[in-house]
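Listed below, chain by chain, are the residues.
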Protein chains: 2
Amino acid sequence: MARQRSTPATPEASVDVQRAVLDGALDIIATEGAEAVSMREVARRAGVSHQAPYHYFGDRAGIFAAISEEGFRRFTEEFRRALELPGDVAANCLRAYVSFAVAHKGHYRVMFRSDICGIRTHEQTMKAADEAFLTLLDLAEAIHPQRDAADAISLPVALWAQAHGLATLFIDGPLLDKLPPDTNLDELVNKVAQLTEWNTK
Amino acid sequence: MARQRSTPATPEASVDVQRAVLDGALDIIATEGAEAVSMREVARRAGVSHQAPYHYFGDRAGIFAAISEEGFRRFTEEFRRALELPGDVAANCLRAYVSFAVAHKGHYRVMFRSDICGIRTHEQTMKAADEAFLTLLDLAEAIHPQRDAADAISLPVALWAQAHGLATLFIDGPLLDKLPPDTNLDELVNKVAQLTEWNTK
DNA sequence: AAACCCTCTTGACACTGTCAAGTTCTCTTG
DNA sequence: CAAGAGAACTTGACAGTGTCAAGAGGGTTT
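Residues numbered from 1 in each chain as written. Chains lettered and ligands numbered in written order. Predicted model: local features only at pLDDT ≥ 70, side-chain atom pairs only at ≥ 80, totals over all residues.

### What to know about the overall build of chain A
Basically, it comes down to this: Segments assigned H or I by DSSP are reported as helices when at least four residues long, segments assigned E as strands when at least two residues long, and all are numbered from the N terminus. For the purpose of contact definition, each residue receives a C-beta atom placed from its backbone, and two residues are in contact when these atoms lie within 7 Å.
In terms of helices and strands, chain A carries 11 helices and 1 strand. Counting helices and strands in the order they occur from the N terminus, chain A gives α-α-α-α-α-α-α-α-α-α-α-β. Of all intrachain contacts in chain A linking residues separated by at least 6 positions in sequence, the fraction that spans at least 24 positions is 66%.

### Structural notes on the relation of the copies chain A and chain B
Here two copies of a chain appear, and what relates them is a rotation about an axis with a shift along it. Applicable threshold: Our superposition of the copies is a least-squares fit, built on the C-alpha atoms of residues whose pLDDT is at least 70 in both.
For the match of chain A to chain B, the screw axis carries a shift of 0.0 Å, the RMSD comes to 0.1 Å, and the turn is 180°. The transformation relating the two chain copies, once decomposed into turn and shift, fits a two-fold axis. Closest approach to the rotation axis within chain A is made by the C-alpha atom of G165 of chain A, at a distance of 1.8 Å. Taken as a fraction of all interface residues of chain A, those also at the interface in chain B reach 100%, which identifies the copy contact as same-surface.

### Digging into the confidence of the model for chain A
To be explicit about the condition: One confidence number per residue, pLDDT, is output by the predictor and ranges from 0 to 100.
Residue-level pLDDT values for chain A average 90, and 92% of them are 70 or greater. In the model, residues 1-9 of chain A has pLDDT below 50 throughout and makes 5 contacts with residues more than four positions away in sequence or in other chains.

### A short note on the nonpolar core
What counts is decided by this rule: A set of buried Ala, Val, Leu, Ile, Met, Phe, Trp, Tyr and Cys residues, joined to one another through C-beta atoms within 7 Å, is what we call a nonpolar core. Three exposure classes are used, based on other C-beta atoms lying within 10 Å of a residue's own C-beta, which is placed from the backbone: buried for 20 or more, exposed for 12 or fewer, and partly exposed in between.
Counting residues in each nonpolar core, the largest one holds 116 residues, and the members touching the most others are Y97 of chain A together with Y97 of chain B. Among all residues touching Y97 of chain B, those that are not within four sequence positions of it are F79, A163 and A167 of chain B.

### With respect to helix α8 (residues 123-143) of chain B
Residue and element names in this part refer to chain B. Let me state the cut-off plainly: To estimate how far a helix should reach, multiply one less than its number of residues by 1.5 Å. In this description, the arc belongs to the directions extending from the helix axis to the C-beta atoms.
In a regular helix each residue adds 1.5 Å, so 21 residues correspond to 30 Å; α8 covers 31 Å between its end C-alpha atoms and thus fits that length. Those residues of α8 lying buried are T125, A128, A129, A132, L136, L139 and A140. Down the axis of α8, the buried set is contained in an arc of 140°. They therefore lie on one face. Of the exposed residues in α8, those oriented more than 90 degrees away from the buried face are E123 and L134. Check the buried side of α8 and you find it contacts α4 (60-83), α5 (89-103), α7 (114-117) and α9 (154-171).

### Focus on the packing of helix α11 (residues 185-195) of chain A against α9 of chain B
We apply this condition: All axes here are fitted lines through C-alpha atoms, helices being fitted over the stretch that makes contact, and every angle between N-to-C directions spans 0 to 180 degrees. Note that the term roughly parallel is reserved for angles under 35 degrees, roughly antiparallel for angles over 145, roughly perpendicular for angles of 65 to 115, and oblique for everything else. Under the grouping applied here, Gly and all other residues not named as nonpolar or charged are polar, the nonpolar ones being Ala, Val, Leu, Ile, Met, Phe, Trp, Tyr, Cys and Pro and the charged ones Asp, Glu, Lys and Arg.
Between α11 of chain A and α9 of chain B, the least distance of the axes is 9 Å, while the angle of their chain directions is 75°. With respect to each other, α11 of chain A and α9 of chain B are oriented roughly perpendicular. Across the interface between the two elements, L188, K191, V192 and L195 of chain A of α11 of chain A pack against S154, L155, V157, A158 and A161 of chain B of α9 of chain B. Along the lines of polarity and charge, the residues of the contact of α11 of chain A with α9 of chain B split into 7 nonpolar, 1 polar and 1 charged.

### Digging into the interface of chain A and chain B
To keep things clear, this is the line we draw: DSSP calls a pair of strands paired once it identifies at least 2 bridges connecting them.
Each partner contributes residues to the interface: chain A has 40 residues there, and chain B has 40 residues. Breaking the side of chain A that touches chain B down by element, the ones donating at least two residues are α7 (114-117), α8 (123-143), α9 (154-171), α10 (175-178), α11 and β1 (196-198) of chain A. Considering only residue class, the side of chain A that touches chain B consists of 21 nonpolar, 11 polar and 8 charged. Where β1 of chain A meets strand β1 (residues 196-198) of chain B, 3 bridges bridge the pair, whose relative direction is antiparallel. Looking at the pairing, W198 of chain A lines up with T196 of chain B of β1 of chain B.

### Here's the deal with the domain arrangement of chain A
All names here are of chain A. Put simply, the rule is: Domain boundaries shown here were taken from an automatic or database domain assignment.
The domain boundaries assigned to chain A delineate domain 1 (8-58) and domain 2 (61-195). Summarising the inter-unit geometry, the C-alpha centres of domain 1 and domain 2 are found 26 Å apart. With 10 residues of domain 1 in contact, the opposing surface of domain 2 contributes 11 residues. Elements with a minimum of two residues in the side of domain 1 that touches domain 2: α1 (11-32) and α3 (52-57).

### Some words on the packing of α4 of chain B against α8 of chain B
When two helices pack together, their arrangement is captured by the angle between the axes and the distance separating the axes. All names here are of chain B. Heads up, the condition is: We call a crossing left-handed when the near helix sits turned anticlockwise from the far one by less than a right angle, and right-handed when that turn is clockwise.
At a minimum axis separation of 8 Å, α4 and α8 run at an interaxial angle of 20°. Classed by the angle they form, the pair α4 and α8 counts as roughly parallel. Relative to α8, the crossing made by α4 is left-handed. Contacts between α4 and α8 involve A65, S68, E69, F72, R73, F75, T76, F79, R80 and L83 from the first element and Q124, T125, A128, A129, E131, A132, T135, D138, L139 and A142 from the second. A breakdown of the residues in the contact of α4 with α8 according to their chemical character gives 10 nonpolar, 5 polar and 5 charged.

### Describing the environment of E197 of chain B
For E197 of chain B, the location among the structural elements is in strand β1. Considering only alpha carbons, one finds E197 of chain B and L26 of chain B, 171 residues apart in sequence, at a separation of 36 Å.

### Let's talk about the environment of G165 of chain B
Within the secondary structure layout, G165 of chain B lies in helix α9. On the basis of neighbour counts, which here come to 26 C-beta atoms within 10 Å, the residue G165 of chain B falls in the buried class. When the C-alpha atoms of G165 of chain B and V98 of chain B are compared, they prove to be 9.4 Å apart, with 67 residues separating the residues in sequence. Discounting chain neighbours no more than four positions away, the residues touching G165 of chain B are W160, A161, Q162, A163, H164 and G165 of chain A.

### Here's the deal with the environment of R19 of chain B
Residue placement: R19 of chain B occurs in helix α1 (residues 11-32). Spatially, the C-alpha atom of R19 of chain B lies 19 Å from that of F75 of chain B, the residues being 56 residues apart in sequence.

Here's what the structure looks like:
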């Protein structure tokens, strides 16, 4: 009655454990919030001892860092796809951004919480975040290619703020309580996109 | 050597304890993040037993709810002042919004974290949040008074998203790491305000 | 004087993150 | 093919945590 796993120490199984730990954590984050994640609970859900997660992730922050990294990678992928879609690139990207956040609530909730994942100490996570930031610069470039080189940052920041604000308000904020219950979120995002004009004079 | 407080059971002293608990919590939130708040640590900082905070706030979420409520009240006050300033009302309010968030980091970090303060169970906090939301509607009205009654929500949402996004990126996000180190944040907010035009056709 | 409440305190419990020290398997090296 | 190395865990312990329960002491009311 020592253990349930049939092939415990193979590399294949270890990936399973790693994945199970992350999935367990993501599930808790999405349903109960990041605070509710405990090393022992994710270990329990993964069917391993309370110390197994430490082997892969070092500490609690390590789990969040891994989730953050994965989130930024997937985000970059999806955002790049939206960048290449025909039509209004700003609206397409805003939609993609918010869709990602809503669909990957667990990831998104962690991605911008540097307080819990100690991003500065996890190089891979930082690199993934940088990569994501580059796609944002590409969007700004696509919207307004010949803008002032001396102020290359205002438009990306404005774009990011709008998208990030919308996303966090949808996920965590008290916004949803204020909306009429039959509100279509996709439509609302579209309207916000139509409402916004970037003054590129 | 039973206790240090000279007048323990007077109402005046009780306000002190309440305030000390909140201030201790706010200090921790602003410097280390909300996760780092522990009932016992705030009690220790306030110089009371580990159960005293429970008397006033019920549980951990109660402390966050009280902070959130206080935050929304102060926010409403400051935002209303900005609404009545002469000049570009949208720019004034965006500045006021971001200033509030940066100056009251501890409060702001909690105000939009319904996961940790269980806002739905704290009526006073909800009311304060509603009040704040109303000021936002007033801003939308000031920007574009005769807008379509059937879509009264898009512009407030768009405004809120921009301000909230900017604020959270400044406070918690990885944005600051991406900016040139000599960036003036006030100026950046101004530029974003100038860059934005609300398509009110 | 008695009852009562407000403002706390002390004590206990199950649970948490994490350090330390095994244990069991697989894979490489001699 | 034996031996050692290392990966992938496990069990055990510790201090710290949130919170329930049961007071204790003063002020006010009756």
